Amino acid sequence: MTSTPYTVADVMTAKVIAVTPDTGFKDIAAAIERWKVTALPVIEGEGRVVGVVSEADLLPKEEFHEHRPGMIEQMRRLGDTAKAGSTRAENLMTTPAVTIRPDASLPQAARLMAERHIKRLPVVDADDTLKGIVSRADLLKVFLRTDDELTEDIRQNVVERLFPLSHNGVTVTVTHGIATLTGSVRDDHLIPMADRLARSVEGIVDVRCRLEAGT
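Everything numeric here is computed off the predicted structure, so don't read it as measured data.

## Things to note about the pairing of strand E2 (residues 48-54)
Side-chain positions along a regular strand alternate between the two faces of the sheet.
Right, on to step 1. Taken across its seven residues, E2 has six buried, putting it largely inside the fold.
Right, on to step 2. Across six bridges, the pairing between strand E1 (residues 39-44) and E2 is antiparallel. Looking across to E2, one finds that leucine 40 is bridged to valine 53.
Right, on to step 3. Counted between consecutive antiparallel strands, the loop separating E1 from E2 contains three residues, among which glycine 45 sits at a positive phi close to 60°.

Below is the structure:
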């Protein structure tokens with residue numbers, strides 16, 4: 001009933017800096033610094049994502065630079081000690097890469113980032129071909145929608161559709177992303193749904209539903 005939900009494709013960055021499996025350590029570090037990113041997708045062939053190399057993958061090189069890990073530490077941190085001795089992306093990257101599809105919803109992307117403790121996701125198609133990158137900051141872009149946009153969205157896609165006979169008696173205001181619905185409606189049993197649908201509008205921070213039953 002509400003407007004079409006935003007998808008990852010709506011907010012992702014289409015221009016992506018990537019590396020290949022044979023990219024060297026110093027070139028990876030230089031790319032991360034130059035482009036001010038925390039991780040880079042690793043691609044092969046015609047753009048198929050095979051892994052991700054991040055700042056965390058490079059740090060063991062510095063951590064173990066001045067001392068060799070003992071046997072116990074090597075056993076406890078096999079992955080890190082292996083990366084400390086690696087010089088190319090194929091041995092440094094995390095694989096398989098955690099990716100997401102362009103048509104995934106923003107909540108799906110946010111949950112995946114939270115569950116996997118990562119800051120950005122390569123966006124791939126059904127063939128795992130790189131299409132973009134989506135970051136935590138990208139997911140917050142919906143909150144840059146203006147109050148006027150949000151007001152119009154709620155009025156057209158919630159109030160007018162849910163209350164076709166009494167929508168003129170409803171006032172919608174949005175201030176700093178907080179929506180307030182006031183007035184009276186005929187179908188009072190739909191008031192909880194109006195609250196729920198208004199909250200689902202992308203960019204809404206909170207909803208104060210003060211609708212009442214009319215005659």
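## Some details on the pairing of strand E5 (residues 170-175)
Right, on to step 1. Only one face of E5 is buried: it carries Val170, Val172 and Val174, and the other face, with Thr171, Thr173 and Thr175, is open.
Right, on to step 2. Sheet analysis places E5 next to strand E6 (residues 178-185), joined by six bridges and oriented antiparallel. When the sheet's bridge partners are listed, threonine 171 is paired in E6 with threonine 182.
Right, on to step 3. Turn length for the E5-E6 hairpin, with the two strands adjacent in sequence and antiparallel, is two residues, and the turn residue histidine 176 shows positive phi of about 55°.

## Considerations on the side chain of aspartate 195
Right, on to step 1. Of note, aspartate 195 is situated in helix H10 (residues 191-199).
Right, on to step 2. At a separation of 2.7 Å, a polar atom in the side chain of aspartate 195 contacts the side chain of arginine 199.
Right, on to step 3. Beyond its immediate stretch of four places on either side in the chain, aspartate 195 contacts Val207 and Cys209.

About the cut-offs
Residues numbered from 1 in each chain as written. Predicted model: local features only at pLDDT ≥ 70, side-chain atom pairs only at ≥ 80, totals over all residues. Heavy atoms only, no water. Buried < 20%, exposed > 50% of the residue type's maximum accessible area, 1.4 Å probe, protein only. Helix = DSSP H or I, 4+ residues; strand = E, 2+ residues; numbered from the N terminus. Pairing = 2+ DSSP bridges. Polar contact = N/O pair within 3.5 Å; in protein donor to acceptor, adjacent residues only side chain to side chain. Contact = heavy atoms within 4.5 Å.

Read these as layout, nothing more, since geometry by itself doesn't imply function.
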